[in-house]
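# Structure at a glance
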Amino acid sequence: MMICAAMVFFMTPGLAFFYGGLVRRKNVVNTMLDCTALMGLSVVMWVLFGYSLSFGGNHAGIIGDFRWFALNGIAMNEAGPYAATIPHLVFVAFQMMFAMITPALITGSLVGRVRFKALFIFILLWSVVVYYPMAHMVWGEGGFLAEIGSVDFAGGNVVHISSGVSALVFAMILGRRKGYGSTAYKVHNIPFVALGAFILWFGWFGFNAGSALGANGLAAHAFMTTALASASAMMSWMLIDVIKDGKPTLVGASTGLVVGLVAITPGAGFVPIWSAIIIGAAVSPICCFTIPFLKGKLKIDDALDAFGCHGIGGIWGGIATGFFAKSSINSVARWDGFIYGDYHLLLAQIIGIVVTAAVAVVGTLICLAVVRIFTPLRVDEREEKIGLDISQHGESAYPTFNGLDS
């Protein structure tokens, strides 16, 4: 479990490379620092009060309390209420990595124009208003969504849908980048994108298999469904590239890999291994065609498709879990999926998705309203033009390229 926690830790640096490679050269440092800074912030918050609010006690099925403030009362050698075979602190550490990467996913929709100070304050508030309640409702003792029978093995609702929907709302409020629609925003470093995807793939095995909370058959099952869904999604996206443009692309393969991981996350420990092929193969066309449709119709600048990949992919994964899950694989699922003749789990999954989206929308709007009291959300036009690396941090990723992005 500690190895799994370390693997999940590396997912956020992997995300930094993935996002950093996709943006323009003048915004690489800012994009990667967004992820880096949130790593520090999330760890401190989690230890002080985040874990306690997520998993300590229960109030109306929505939030915990402060009984474990600063991890007070958590003994070093004793198991906690959520995993009988590992020390409580190991469970705390494992869940801490989920609280780390989730807000970092949001940053992908905001690159090139969000003020760093505003983002930092927003994530601090968002973790309290959205993430901790969602973690409690899905995974905490007495959590509302758990009580109605909605299942989420490793974070479809808690991690992907919550961050994806919040990213969409933030992007709508923030507005589009200057020149959006008339300027070509090209990927500046494809090897960075691939490196980030590979690190994410490695870490995701800890993310999903570790959610079994032990070295057992369920962990092995989640490992295999994760491998199969991500592989089939990658091949599916490559096929789409060939059909559309006549050539497979490394960016497309990397993107397909990631959306496959997103899609299998809620069901990794619930669905049969064979169904992972369907879940992965289907998520690529779903995301690939939904992203341009939504961006074209709504005129939203979701810069790196945080909603398109994590929001849409997570929603499909949650629904697919309602179709394919079997209680014989994991008894946490009270009912078998829809294809076996029972609609109850699918209905619970849809309710869970709707509740998650509602919490994310309302919570994001509240957080943005508070942030605006302290600072503007967006950099000014000059700062955006010269790039956020220089204007926000006084650093340049590629000093020899100065001037080429102006």
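Preceding this section is the structure that the text describes.
Scope of this entry: the structure provided in the associated data block. (Residues numbered from 1 in each chain as written. Predicted model: local features only at pLDDT ≥ 70, side-chain atom pairs only at ≥ 80, totals over all residues. Heavy atoms only, no water.)

## Let's talk about the overall build of the protein chain
The helix and strand inventory of the protein chain stands at 15 helices and 0 strands. Compactness check: the protein chain gives a C-alpha radius of gyration of 20 Å against a globular reference of 22 Å for 406 residues, within 12% of the reference. Along the longest, intermediate and shortest principal axes, the C-alpha atoms of the protein chain span 60 × 50 × 35 Å. Residue burial in the protein chain is summarised as follows: out of 406 residues, 57% are buried. Sequence-distant contacts, at least 24 apart, represent 75% of the contacts inside the protein chain between residues at least 6 apart. For the protein chain, the accessible area works out to roughly 15,600 Å², and carbon and sulfur atoms hold 69% of it. Here the protein chain contributes 22 positively and 20 negatively charged side chains, and the mean placements of these two sets differ by 11 Å. (Helix = DSSP H or I, 4+ residues; strand = E, 2+ residues; numbered from the N terminus. Rg over C-alpha atoms; globule rule 2.2 N^0.38 Å. Buried < 20%, exposed > 50% of the residue type's maximum accessible area, 1.4 Å probe, protein only. Contact = heavy atoms within 4.5 Å. Areas by Shrake-Rupley, 256 points an atom, 1.4 Å probe, with all protein chains shown as cover. Lys, Arg positive; Asp, Glu negative; His and termini not counted. Charge placed at Lys NZ, Arg CZ, Asp CG, Glu CD.)

## So, the nonpolar core
Ranked by internal contacts, the top residues of the largest apolar core, which has 119 residues, are W46, Y51, F122, Y131 and F207. Contact partners of Y131, with chain neighbours within four places excluded, come to W46, Q95, F98, A99, T102, W126, W139 and V158. (Core = buried A, V, L, I, M, F, W, Y, C linked by side-chain atoms within 4.5 Å.)

## Remarks on the packing of aromatic side chains
Taken as a whole and assessed by the stated rule, the structure comprises 24 aromatic pairs. Put simply, the rings of W46, F49, Y51, F55, W68, Y82, F91, Y131 and Y132 touch in pairs and so form one group of aromatic residues. Cation over ring: K326 sits above Y340, and NZ or CZ is 4.2 Å from the ring centre. (Phe/Tyr/Trp six-rings, centres within 6.5 Å; stacked < 30°, edge-to-face > 60°. Lys NZ or Arg CZ within 6 Å of the ring centre and 35° of its normal.)

## A closer look at the side chain of T265
You can see T265 is positioned in the loop between helix 10 (250–264) and helix 11 (273–298). A distance of 2.9 Å separates the side chain of T265 from the side chain of W204, its partner in a polar contact. In this structure, T265 is in contact with F153, A154, G155, G156, H160, W204, F207 and N208, ignoring residues within four places of it in sequence. (Polar contact = N/O pair within 3.5 Å; in protein donor to acceptor, adjacent residues only side chain to side chain.)

## As for unusual backbone geometry
Positive phi is not limited to glycine here, since L71 has a value of about 60°. As for its placement among the helices and strands, L71 is situated in the loop between helix 3 (28–55) and helix 4 (88–106). Look at L71 and you get buried, because its relative accessible area is 18%. For L213, which is not glycine, the phi torsion reads 60° and is therefore positive. Judged by relative accessible area, L213 falls into the buried class, the value being 18%.

## A closer look at the packing of helix 1 (residues 2–9) against helix 4
Relative to each other, helix 1 and helix 4 sit at 15°, their axes nearing to 9 Å. It follows from the interaxial angle that helix 1 and helix 4 lie roughly parallel. Where helix 1 crosses over helix 4, the handedness of that crossing is left-handed. Between helix 1, through M2, C4, A5, V8 and F9, and helix 4, the contact on the second element is made entirely by V90, A93, F94, M97, F98 and M100. Looking at the contact of helix 1 with helix 4 residue by residue, the class counts come to 11 nonpolar, no polar and no charged. (Axes fitted to C-alpha atoms, helices over the stretch in contact; angles between N-to-C directions. Parallel < 35°, antiparallel > 145°, perpendicular 65-115°, else oblique. Left-handed = near helix turned anticlockwise from the far one by under 90°. Nonpolar A, V, L, I, M, F, W, Y, C, P; charged D, E, K, R; others polar.)

## Thoughts on a nonpolar patch on the surface
A contiguous nonpolar surface patch, about 490 Å² in accessible area, is contributed by V128, V129, I173, V361, V362, L365 and I366. Elements supplying a minimum of two residues to the nonpolar patch: helix 5 (116–139) and helix 13 (344–374). A total of 4 residues in the nonpolar patch trace back to one element, the largest contributor, which is helix 13. Looking at the element boundaries, I366 is found in helix 13. (Patch = residues over 30% accessible without salt bridge, like charges linked within 9 Å, V, L, I, M, F, W, Y side chains within 5 Å. Salt bridge = Lys/Arg side-chain N within 4 Å of Asp/Glu carboxyl O.)

## Comments concerning the pattern of salt bridges
The tally for this structure, following the rule as stated, stands at 5 salt bridges. For D305, the salt bridge identified is with K295, shortest N-O distance 2.9 Å. Linking D305 in the loop between helix 11 and helix 12 (306–324) with K295 in helix 11, this pair joins segments that are 10 residues apart in sequence. On the basis of relative accessible area, D305 is assigned to the buried category, the value being 19%. With a closest N to O distance of 3.0 Å, E384 and R378 form a salt bridge. Per residue, the accessibility class of E384 equals that of R378, and both read buried.

## A word on the environment of V44
Tracing the backbone through its elements, the reader meets V44 in helix 3. Through-space distance from the C-alpha of V44 to that of Q95 is 13 Å; in sequence the pair is 51 residues apart.

## Remarks on the packing of helix 8 (residues 190–209) against helix 10
It is the contact of helix 8 with helix 10, at a shortest axis distance of 9 Å, that shows an interaxial angle of 20°. Relative to helix 10, the element helix 8 is oriented roughly parallel. Helix 10 is crossed by helix 8, and the crossing has left-handed handedness. Facing helix 8, whose interface residues are I190, V193, A194, A197, L200, W201, W204 and N208, helix 10 presents L250, V251, S254, L257, V258, L261, V262 and I264.

Don't take any of this as a statement about function, it's just geometry.
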